[in-house]
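# Tertiary structure, described
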Amino acid sequence: MKPTSSSPGLRALSASLREVREGRKFGLRELARALEIDPRLLSQWELGLRVPPVEEVARILGYLRIDRATTQRILFLATHAKEPNWLDSNPSDLPAALTGVMQCERTANQITNWSPLVIPGLLQTPDYARALLTASEIKPAEADARLVVRLERQRILSQRNPVRLQAIISELAIREVVGNGDIMSDQIDHLLASTATSNISVRVVPADVGYHQGKLGMFTLYDFPAEPSIVLIEHHHASAFLNELEAISSYRKLVKLLLGKAMTEDASEALLREAVR
């Protein structure tokens with residue numbers, strides 16, 4: 001079933017076009033005038049309201065003198081922008097998927113995250129995040145860059161109109177030591193501090209509840225004020241963005257199942273306090 005509005009790829013494309021223009025210090029009208037494009041049309045491309053032709057995207061990137069790697073990434077997005085779902089299966093091209101994630105986070109009014117093995121990225125401390133990146137055998141320079149982006153993404157939780165985050169976390173993610181004991185202790189303290197924030201809910205699924213479909217992997221559900229929802233599925237080798245209505249309905253049912261197995265917020269907080277001792 002086709003979605004009723006913009007696809008995940010189009011969201012990533014629109015954000016990328018805006019970012020490269022702003023990175024080159026061009027105003028929207030200034031760039032539109034230079035390329036002889038109607039500024040209203042360029043605005044619609046950057047807002048994800050219309051799909052720009054691939055040749056027009058190439059012309060924008062060429063005029064702005066964007067580097068080859070970024071150009072290839074954005075042209076890939078432009079080529080596949082009309083597809084309802086989007087699979088990024090190239091681990092060396094993480095910026096494409098990351099751009100999609102950041103655009104979803106910026107525009108969502110609620111994010112629901114299920115994390116069976118690690119603490120969700122939006123709630124990770126810098127030391128915890130760095131330990132994860134280091135264990136993934138990522139080069140130090142790249143790990144530093146990703147860490148900066150990850151911490152910047154967390155601003156959506158503390159801005160003037162913060163996004164609502166519903167974090168459903170397996171007890172296994174809390175018990176598994178990442179880095180060392182001190183890092184885990186600080187991480188759990190951070191989770192406890194987050195539970196005191198009105199826009200953040202943390203619910204823990206006990207490790208002994210038995211098998212359930214959530215154990216198949218982590219996912220994030222993004223809900224928007226006036227757009228169809230999007231689900232992000234993350235894997236070692238690939239990330240997939242889904243916004244077909246049937247798929248969204250399936251993941252909403254899974255969220256309901258997980259919440260049914262999770263402890264209450266108060267009981268989850270008590271477990272976190274016990275784990276941090």
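First things first, this report covers the structure right here in the doc. Here the structure is a predicted model, which means the values were calculated and not measured.

Quick notes on the rules
Residues numbered from 1 in each chain as written. Predicted model: local features only at pLDDT ≥ 70, side-chain atom pairs only at ≥ 80, totals over all residues. Heavy atoms only, no water. Axes fitted to C-alpha atoms, helices over the stretch in contact; angles between N-to-C directions. Helix = DSSP H or I, 4+ residues; strand = E, 2+ residues; numbered from the N terminus. Parallel < 35°, antiparallel > 145°, perpendicular 65-115°, else oblique. Left-handed = near helix turned anticlockwise from the far one by under 90°. Contact = heavy atoms within 4.5 Å. Nonpolar A, V, L, I, M, F, W, Y, C, P; charged D, E, K, R; others polar. 1 Å grid on protein atoms, 1.4 Å probe; cavity = no way out; pocket = protein on both sides within 12 Å on 5 of 7 lines; lining within 4 Å. Points joined across faces, edges and corners; volume = space filled by probe spheres on them. Core = buried A, V, L, I, M, F, W, Y, C linked by side-chain atoms within 4.5 Å. Buried < 20%, exposed > 50% of the residue type's maximum accessible area, 1.4 Å probe, protein only.

At their nearest, the axes of helix 2 (residues 28-35) and helix 3 (residues 39-47) sit 9 Å apart, and the two run at 120° to each other. Relative to helix 3, the element helix 2 lies oblique. Considering only the axes of helix 2 and helix 3, their crossing is right-handed. Taken together, the residues of helix 3 that come into contact with helix 2 (itself represented by Leu28, Arg29, Leu31 and Ala32) are Pro39, Leu42, Ser43 and Glu46. Residue composition of the contact of helix 2 with helix 3, grouped by class: five nonpolar, one polar and two charged.

Here the focus is the layout of surface pockets. Taken as a whole, the second largest pocket spans an internal volume of roughly 250 Å³. Those elements that provide at least two residues to the lining of the second largest pocket are strand 6 (230-234) and helix 11 (245-261). When residues in the lining of the second largest pocket are grouped by element, the largest group, four residues, is from helix 11. For the lining of the second largest pocket, a count of residues per class yields six nonpolar, five polar and two charged.

Mapped onto the elements, His212 comes out in the loop between strand 4 (200-205) and strand 5 (219-223). Residues contacting His212, with those up to four places away along its chain left out, are Trp114, Val205, Leu257, Leu258 and Lys261.

In this structure, Ile111, Ile119, Leu123, Leu157, Ile169, Ile174 and Tyr222 are the most contacted members of the largest nonpolar core, which totals 35 residues. Within the residue set of this core, elements represented by two or more residues are helix 6 (94-107), helix 7 (126-135), strand 3 (164-170), helix 9 (171-175), helix 10 (181-195), strand 4, strand 6 and helix 12 (265-275). Here the element with the most residues in this core is helix 10; it accounts for five residues. Setting aside anything within four residues of it in sequence, one finds Ile119 in contact with Gln124, Tyr128, Ile169, Ala173, Ile174, Gln187 and Leu191.

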